[in-house]
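Chain by chain, the residues:
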Amino acid sequence: MQHFFLGPCSFRQIVSSFFFFTNFTTLSSFKTLNHSPLLHSLVSLSLTTNIQIYKNMFIRLISFLVLAGFYVGVGTGQPLVPALIIMGDSVVDAGNNNHRTIFIKANFPPYGRDFFAHNSTGRFSNGKLVIDFTAESLGFTSYPVAYLSQDANGTNLLTGANFASGASGFDDGTSLLYNAITLNQQLKNYKEYKIKVTNMVGRDRANEIFSGAIYLLSTGSSDFLQSYYINPILNRIFTPDRYSDRLMNFYSTFVQNLYNLGARRIGVTTLPPLGCLPAAITMFGGAGNNTCVERLNRDAVSFNTKLNNTSMYLTNKLPGLKLVVLDIYNPLLSMVMNPVANGFFESRRACCGTGTMETSFLCNARSVGTCSNATNYVFWDGFHPSEAANRVLAASLLVQGISLIS
């Protein structure tokens, strides 16, 4: 990727200015701040304009920097945070499932065909994941290594690690169905990781890394699509609402355990619009249906509301915790419902194969019908966004997660 430089205006200055505008209702104090000429020019447009205009201006500016491929921490070569820790499912798995006996894998073509050197690393996409764009935007020069990979050693671990596993969920029972790495096991692997880092840099420096790191959790879709909706026993025992409550208990316990291990900056993604995933439309939409399955989307919205409420409770309960819910539901829904306006051509069918169901081993080099240009598609396979969609999502999540950087 090409590196860009913002001259006298660093991304850190932009972030601090964003917070200034977010937390103050007047511009009277701006004159006292030592900002770059670029930021002064933004303000000089009109000192009497409503503050919301400036908030929107900075949001657009930050999003533009991500979409244009700008590196941040510009001029210093330093990331905005010491490390990036990833946990969750296939949306953020960078290759941990490669090293397990499991059907849910992506370490073969055409996965990764648009990644560096056209390499299928185990990422469930044609190219980069949201977390890859996030790492770039935070100023890292490499991505968090998959913890089970041969690269997870030495100084590679000092800037973070990826513990995610495709087909895992909030409920360990979901993970066990597919032999994925449960969230509890991901936590155990993280404890082992902490010991390795501490042995390398000493306890004081290690604690600075752990407390300053950003922790990203993305999971939950498998709990519904690959467990609850297809399991008649769960369907009898739980309504969707009660099942969400069950998952919230697991989520709450996970966050508190992670907090007790030193995490202070945690971002958790919402569920996507489950009913709009191509595979979900095929499985649950009925014969001939080509539109989002509304009941699945309603379940996702209900879950996301609970996620926000539970996260607010945890933030108030745990001193010093920054816990941000990152909305992927609405940005992805916007791409699905208005593909052309978001720069896409196709949002109902995925790129791989027929675009209606294929994922993991069903999406392979012999899959008939795979598109030649995935940038036109919101979805790469039946469950996962394309690299182009991941880029758009990453820009949105960066803006939403600004408070984790401050």
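Here goes a summary of the coordinates provided.

The rules behind each value
- Residues numbered from 1 in each chain as written.
- Predicted model: local features only at pLDDT ≥ 70, side-chain atom pairs only at ≥ 80, totals over all residues.
- Heavy atoms only, no water.
- Pairing = 2+ DSSP bridges.
- Helix = DSSP H or I, 4+ residues; strand = E, 2+ residues; numbered from the N terminus.
- Contact = heavy atoms within 4.5 Å.
- Disulfide = S-S within 2.5 Å.
- Buried < 20%, exposed > 50% of the residue type's maximum accessible area, 1.4 Å probe, protein only.

This part takes up the sheet that holds strand 2 (residues 145-146). Pairing within the open sheet is parallel, and its 6 strands lie in the order 2-3-1-4-5-6. For this open sheet the edge positions go to strand 2 and strand 6 (322-326), each flanked by a neighbour on one side alone. The pairing of strand 1 (residues 84-88) with strand 4 (residues 214-218) spans 5 bridges and is classified as parallel. Counted as the bridge partner of I86 is L216 from strand 4.

Quick look at the environment of L234 now. Among the secondary structure elements, L234 is positioned in helix 9 (residues 232-237). Excluding residues that lie within four positions of it along the chain, L234 makes contacts with S227, Y228 and Y243.

Applying the stated criterion across every chain yields a total of 3 disulfides. Note that C351 is cross-linked by a disulfide to C371, the S-S spacing being 1.9 Å. Linking C351 and C371, the disulfide has an S-S dihedral of approximately -100° and is accordingly described as left-handed. Of this pair, C351 sits in the loop between helix 13 (329-337) and helix 14 (387-400) while C371 is found in the loop between helix 13 and helix 14, placing the two residues 20 residues apart along the sequence. Just as C351 is buried, C371 falls in that class too. For C352, the disulfide goes to C363, at an S-S distance of 2.1 Å.

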